[in-house]
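Each chain is listed here by its residues.
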Amino acid sequence: MRSISIFGATGSIGESTVDLIRRGGGAEAYRVVALTGARNVARLAEMARELRAEVAVVAHEAELPALRDALAGSGVEAAAGAAAIAEAADRPADWVMSGIVGAAGLVPGMRALRHGRTLALANKESLVTAGPLLMATARVHGATILPVDSEHSAVFQALTGEDAGAVERVIITASGGPFRDWPLEKLAEATVAEAKAHPNWSMGSRISIDSASMFNKALELIETREFFGFPPEMIEVLVHPQSIVHALVGFRDGGVMAHLGPADMRHAIGFALHWPERGHVPVERLDLARLGSLTFAAPDAARFPALRLAREVMEMRGLSGAAFNAAKEIALDHFMEGEIGFLDMAAVVEETLARLAGEAGLGHSATGLDDVLAMDHLARVRAGEAARKMKEGR
Ligand code: NAD
Ligand code: MG
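The structure displayed is predicted, hence computed values, not measured ones.

What counts, and where the lines are drawn
- Residues numbered from 1 in each chain as written.
- Chains lettered and ligands numbered in written order.
- Predicted model: local features only at pLDDT ≥ 70, side-chain atom pairs only at ≥ 80, totals over all residues.
- Heavy atoms only, no water.
- 1 Å grid on protein atoms, 1.4 Å probe; cavity = no way out; pocket = protein on both sides within 12 Å on 5 of 7 lines; lining within 4 Å.
- Points joined across faces, edges and corners; volume = space filled by probe spheres on them.
- Nonpolar A, V, L, I, M, F, W, Y, C, P; charged D, E, K, R; others polar.
- Pairing = 2+ DSSP bridges.
- Helix = DSSP H or I, 4+ residues; strand = E, 2+ residues; numbered from the N terminus.
- Axes fitted to C-alpha atoms, helices over the stretch in contact; angles between N-to-C directions.
- Salt bridge = Lys/Arg side-chain N within 4 Å of Asp/Glu carboxyl O.
- Buried < 20%, exposed > 50% of the residue type's maximum accessible area, 1.4 Å probe, protein only.
- Parallel < 35°, antiparallel > 145°, perpendicular 65-115°, else oblique.
- Left-handed = near helix turned anticlockwise from the far one by under 90°.
- Contact = heavy atoms within 4.5 Å.

Peer 1: I would appreciate a short explanation of empty space enclosed by the protein in the present structure.
Peer 2: Using a probe with the size of a water molecule, rolled over the atoms, empty space left in the structure can be pinpointed. Per the counting criterion, the structure on display carries three cavities of 30 Å³ or more. Of the pockets and cavities examined, the largest cavity occupies roughly 60 Å³. S213, F215, R303, F304, P305, A306, F342, L343, M345 and A346 together form the lining of the largest cavity. Looking at the lining of the largest cavity, its residues break down into eight nonpolar, one polar and one charged. Taken as a whole, the second largest cavity holds about 50 Å³ of empty space. Lining of the second largest cavity is provided by S150, S153, A154, Q157, W201, H246, H259, P262, D264, M265, H267 and A268.

Peer 1: Would you take a moment to explain the sheet that holds strand β8 (residues 167-174) for this structure?
Peer 2: In sheet architecture, strand pairing relies on hydrogen bonds along the backbone and comes in two forms, parallel and antiparallel. Taken together, the four strands give an open sheet; going across it, the order is β9-β8-β10-β11, and neighbouring strands pair in mixed fashion. Strand pairing shows two members of the sheet lacking a second neighbour, β9 (235-239) and β11 (256-260), which therefore form its edges. Neighbour to neighbour, the strand axes of the sheet diverge by 20° on average, direction disregarded. Pairing between β8 and β9: five bridges, direction parallel. Residue pairing across strands places T173 opposite L238, the latter belonging to β9.

Peer 1: Would you take a moment to explain the pattern of salt bridges for this structure?
Peer 2: Oppositely charged side chains can form a pair if their charged atoms are brought close together. The tally for this structure, following the rule as stated, stands at 33 salt bridges. With a shortest N-O distance of 2.9 Å, R169 and E236 are connected by a salt bridge. Taken together, the residues span a long stretch of sequence, with R169 in strand β8 and E236 in strand β9 at a distance of 67 residues. You can call R169 partly exposed: its relative accessible area is 30%. Accessibility expressed as a relative area gives 27% for E236, which makes it partly exposed.

Peer 1: Explain the packing of helix α12 (residues 215-228) against helix α16 (residues 320-336) here, please?
Peer 2: Any two packed helices are characterised by how steeply their axes cross, that is the angle between the axes, and by the distance between the axes. Where α12 meets α16, the closest approach of the two axes is 12 Å, and the angle between their N-to-C directions is 165°. Of the possible angle classes, the one that applies to α12 and α16 is roughly antiparallel. Once α12 is placed against α16, the crossing between them reads as left-handed. Here F215, A218, L219 and I222 of α12 lie close against α16, whose contacting residues are F324, N325 and K328. Its residues assigned to classes, the contact of α12 with α16 shows five nonpolar, one polar and one charged.

Any functional reading would require information beyond the geometric quantities listed.
Structure, rendered in structure tokens:
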């Protein structure tokens, strides 16, 4: 029986993963080791009972008594805190879903890799903040990373059986989000509710807002660079409002392999769950005749500065990804709190990167996780200062 753990089980990716596990036979078919969540104790306990998990871990320590109560009599262990989440990653499991949102996903993913596990990686922030360390850890410990971001799963699938040396370009698509056609003046006034309303995908609120600002695509550019190792000039973004083509890989003979699928994360999660086989996945089948047409356009760098900032990070590498991601997370917090405007998010990130470049230097490589976490911390402090300054200036 295959054993699995799901980090971020109560989130959008986590729920989709649980759905596939349940449809695949649940506790009868899989040995479920660890399930983790941040706050939603009731839902975490419910899924832990249903899947007969070994342990359920909640990130906030104050929730431990509530989790214990909710699990009373179930035989599921309860634990709490960031350290307990990291320890849960030490428990033997064949397949581990990294579905926590933000830099908090880095440590548990890294711990799972050190044990040589197969890591289904939805947490793109791990690759953005610590790409070289993550990839080296997987190599050294014989672990496997399977990309779960839809575009990266698509590139992975288009590359299967191909010679990576014959690749000329990699194109990841972007829906353009809810603000695809909004003029700059209107973007400045965009609200949280408007930014959360993604036209095609149903996702957690943070990644939905990141899609509206194209910070999500910015993270994905860096993720592509770090995971597949292609140089920045080979990686392109293409706006494709229907979200049917997820990525394309162009080869030196001019041929292009495109990956198509419905906008349902269960495809990419299911691909990783069944890999290297192709199992049955219950997503809607494409009906291209009904869709009629697929359209494409170049992204607008002026309205979406996140893409330009990502290019700088892809060139600089070193600790710039950790700074970029942390600054973005803080800017997003401040936008969600209504303290800064939609366009201020990119301004906060840009100012933070500029300040840190002068102050700490961003180009040098991390020698270990501590360097990454220290830069993450410093960038959060600086981004907080930049956001407060921007708020006062509004
Ligand atoms: P979400 O907000 O719906 O869920 C996040 C999960 O992480 C929840 O279980 C939450 O409880 C947990 N969590 C949040 N903060 C935590 C912390 N500090 N410590 C421990 N756990 C914490 O997010 P999501 O949309 O499922 O996204 C998860 C990851 O997958 C992100 O990295 C996102 O970029 C990536 N991703 C998501 C989608 C999607 O369709 N949702 C698609 C591609 C990639
Ligand atoms: Mg994606």
